[in-house]
Amino acid sequence: MRAAATLSTSWRERLFGTPTITVVTLLLAALIAWIAVPIIRWALIDATWNGQTRNDCTGTGACWVFVKARFGQFMYGFYPIEERWRPNLAGLAFALSGAAIVFAPKRLKLSLGLAALVVLPPLGVWLLGGGFGLRAIETREWGGLMLTVFISIYASLIAIPLGILLALGRQSELKVVKLISVLFIEFWRGVPIIAVIFLASLLLPLIMPAGIGVDRLARAVIGLGFCIAAYMAEAVRGGLQALPKGQREAATALGLSYWKATWFIILPQALRISLPAITNEFIALVKNTTLVLVVSILDLLGIAQASLADPNWVGMNMEAYVFSGGLYWLICFALSRWSRSMERQR
Amino acid sequence: MAKAFAFINDKRVRDVFYQAALLIGLVALLVYFIRNASQNMVQAGIASGFDFLWRTSGIEVPFVLTNYTQSDNILALFWAGVANTMLVTVIALVLSTALGFLIGIARLSSIWLVQAIAGAYVEFVRNIPLLFFVLFWYFGVIAALPAPRESLSVFGVAFLNNRGLTIPLPDAGASFRYAFIAIAISCLLHWLFLRWARRRKEATGQDAPVLSVGLFLLLLVPVLALAWATLATRWDIPVLRGFNYRGGFVVIPEFVALLAALVTYTAGFIAEIVRGGIQSVPHGQIEASGALGLRPAQTLRLVTIPQALRVMTPPMTNQYLNVLKNSSFGAAIAYPDVVSLFMGSALNNTGQAIEIIAMTLAVYLVIGLAVSAFMNWYNARIALVTR
């Protein structure tokens, strides 16, 4: 009844229903105009769109020439221009396999997914880093959106399996396993991610045997991966707790071992329930990749920040921030809408 | 022979065996890492232990609350960092809770445009990294503020410019001490009054004027006390001399930017918690309290808020802990918090990575545990009691 009434409410009633509403609406509309009009003028009407150099920016508005000139760096960092087909190809491979898994018939999904999990990660590292016939490109030259995507994917390749194991450990009847899982989860959830990145970059080289170095990008990915694993574990725990106890009891009664019951009965259901929560943790991960900036790894935000120091493009702070912030917003907004639509489907 | 090994089919025996194997594996891994670390440290010539804490730090800190100076030891530097972390965390907590409640309630407003603006705000901030806000406030907004000469004046006593926020400082704290004592006494009185009112209600069923007494004790008394203290003190009001302001207290731009970022970001998350909490109260509850003859204000105070708080407390605890942890984002703009002073400057000077990392993480774990213990106690107190 109420929903129907809301739906039939016309715009005139919504905005000008009673005298109070009218006054508030008019005041707020004036406020919006006062804020939005200069922004729109700056970003669109007075902006400069065409040109190559700083000298072409003659308008009083934004100078999008800067973003155009820097677009390659925003996407790939300092990755050599002639080799940029490699991250493109790696991204395409990941995207195509993702699509293949989503649209494959149900009985093929699991085996396809496992095959992708075995093949893709090494393939991606090889394509980006080189070796075996490809020119070696040090991680120092990687950057931009490509690096944001790389860190997000590889950190979640650590975080998701580890998180599932930790969630199972936390639910385990074995006291020692449970205690270790709880300690691990609470420790990583209790410390700031920025400290974890410092910790990984300082501690990993220290605890490795002398002579074995760990690439600094790998350190950041491992640190982030461990930290996110603890959050993932809590997301998965939600799914495990939502499953009726009878599911495992029935599986055990049918003679399935712990791992068989977990693999065939428990996890498929629990993961489906916790998929929205896992997606939310993934969004948090994408946002937290920006922190690699503190150990001088330049992801999308890092490149935007670094570009402010270019003497050829002095004073392009707003353009750099609007562009990079807008990209982050689009990515995270799309992911959060996806997670919300999954929640509704359930 | 087969019988002798039958015990391996016993589930209890196998469980003990698996757990022992896991424990031994982990300990072995840990020992291996520690051995490598000690070898590497010997090679690099780093002495382990906490003796370095008593060495003179020699590190200048631009913003201190403690009486730390460059000639103090590294332990004092550590405490200065902890104090700075606590300062920004506590202020950000209070402000983001206030802003979050405001936006959360606005999202439920019956006025469409208010609802739409609050919704847009939430969708905007929740999908952008916090570090972006920190950098944007610092390099985009604060850096773009006018130079001291053209400062933005706040009622002629505080001045905002690209070197930070200059605020007046009370000359002597004495009158404020009396004001705080008065506020503490009125809080105590309020608590005693509430107890008495509840007892009387249970015994006789009579209502006490809880709201007006509460307003008097918790609002009017503090406001009057603070107003008196403000007028009774002489203030050191900043004055423009040459190129900058003299006098007063300068809040560094790093603090202003970090605080602004934490508050604007966290408020978006708190707003969603507030909205969810209020929406979780079934409409029938409100209708029922109306049918019982409760006035709208009573319904809000006695029915809606207690039930909404119950739903809101656990996620709010998480957000409060997030603010504590996120205050470390200041390290990216060199706000002198415990991470940037200790894991940054002190570590660079001494090289004692393990001790410094352990101490820094301990700060967050200890404060975090204290906060969640308090919130769990509070949650247990307000939780629904089912019989």
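Preceding this paragraph is the structure being described.
We now turn to the structure provided with this report. Within any chain, residue numbers begin from 1 and follow the written order of that chain's sequence. Here chains are named by letter from A upward and ligands by number from 1 upward, in the order in which they appear as written. At least 70 in pLDDT is required for a residue's local features to be given in this predicted model, at least 80 for side-chain atom pairs to be given and counted, and no such filter applies to totals for whole chains, interfaces and linings, which use all residues. Heavy atoms throughout the structure, all of them, feed into the side-chain values; hydrogens and water do not.

**Some remarks on the sheet that holds strand β2 (residues 158-161) of chain B**
Within a sheet, neighbouring strands are paired by backbone hydrogen bonds and run either parallel or antiparallel to one another.
Residue and element names in this part refer to chain B.
Now for step 1: When DSSP locates at least two bridges between a pair of strands, those strands are taken to pair. Runs of E in the DSSP output that reach at least two residues are strands. Runs of H or I that reach at least four are helices, and both are numbered from the N terminus. Pairing within the open sheet is antiparallel, and its 4 strands lie in the order β1-β2-β3-β8. Each end of this open sheet is capped by a strand with a single partner; those strands are β1 (152-154) and β8 (249-251). Neighbour-to-neighbour, the strand axes of the sheet open up by a mean angle of 20 degrees, direction not taken into account.
Now for step 2: The pairing of strand β3 (residues 164-167) with β8 spans 3 bridges and is classified as antiparallel. Convention adopted: a line fitted to C-alpha atoms gives each axis, helices being fitted over their contacting stretch, and angles between N-to-C directions are expressed from 0 to 180 degrees.

**Observations regarding a positive patch on the surface**
Residues and elements named next belong to chain B.
Now for step 1: On the surface, a cluster of positive charge is made up of R195, R198, R199 and R381.
Now for step 2: With 3 residues, helix α5 (residues 174-204) is the largest single contributor of residues to the positive patch.
Now for step 3: Locating R381 in the fold gives a position in helix α11 (residues 353-382).
Now for step 4: Throughout, exposure labels follow a simple rule: accessible area from a 1.4 Å probe, protein chains only, divided by the maximum for the residue type, with under 20% read as buried, over 50% as exposed, and the rest as partly exposed. A relative accessible area of 62% places R381 in the exposed class. Like charges within 9 Å and nonpolar side chains (Val, Leu, Ile, Met, Phe, Trp, Tyr) within 5 Å are joined into patches, using only residues over 30% in relative accessible area that form no salt bridge. Computed with a 1.4 Å probe, the accessible areas rest on the Shrake-Rupley method; for each residue, only the protein chains presented here act as cover. The working definition used for a salt bridge is a side-chain nitrogen of Lys or Arg within 4 Å of a carboxyl oxygen of Asp or Glu. As used throughout, the charge tally considers Lys and Arg to be positive and Asp and Glu to be negative, leaving His and the chain termini uncounted. For charged residues, the charge sits on one atom: NZ in Lys, CZ in Arg, CG in Asp, CD in Glu.

**Looking at the interface of chain B and chain A**
Now for step 1: Residue contacts follow a heavy-atom distance rule, with two residues in contact if any of their heavy atoms lie within 4.5 Å. At the interface, 47 residues of chain B touch 55 residues of chain A.
Now for step 2: Simply put, the buried area is the total loss of 1.4 Å probe accessible area from both parts when two parts are fitted together. Surface buried jointly by chain B and chain A totals about 4,500 Å² across both partners, of which 75% is contributed by carbon and sulfur atoms.
Now for step 3: It is B:Q19, B:W112 and B:N127 that lose the most area in chain B upon contact with chain A, and together they represent 13% of the buried surface on that side.
Now for step 4: The interface formed by chain B and chain A includes 2 salt bridges.
Now for step 5: A salt bridge links A:R340 to B:E123; its shortest N-O distance comes to 3.4 Å.
Now for step 6: Whenever two N or O atoms come within 3.5 Å, that pair is a polar contact, provided that in protein one can donate a hydrogen and the other can accept it, and provided that, for residues adjacent in sequence, both atoms are side-chain atoms. Taken together, the connections running from chain B to chain A amount to 14 residue pairs in polar contact (both at pLDDT 80 or more).
Now for step 7: Counting only elements with at least two residues in the side of chain B that touches chain A, the list comes to α1 (11-44), α3 (112-126), α4 (130-142), α7 (253-279), α9 (296-326), α10 (338-350) and α11 of chain B.
Now for step 8: At 13 residues, the largest contribution of residues to the side of chain B that touches chain A is made by α1(B).

**Structural notes on the pairing of β2(B)**
All names here are of chain B.
Now for step 1: Here β1 pairs with β2 via 3 bridges, running antiparallel. Paired with V154 across the two strands is A158, which belongs to β2.
Now for step 2: Bridging between β2 and β3 involves 3 bridges; their strand directions are antiparallel. In the strand pairing of β3, L160 is matched with L165.
Now for step 3: Here β2 folds back onto β3, and the loop between the two strands holds 2 residues.

**Digging into the nonpolar core**
Now for step 1: By convention a nonpolar core is built from buried Ala, Val, Leu, Ile, Met, Phe, Trp, Tyr and Cys residues, the set being connected through side-chain atoms within 4.5 Å. By size, the foremost hydrophobic cluster in this structure holds 137 residues, and its most contacted members are A:F74, A:W142, A:F150 and B:F342.
Now for step 2: The next biggest cluster of nonpolar side chains, apart from the first, holds 11 residues, and it includes A:I21, B:A106, B:A118 and B:V122.

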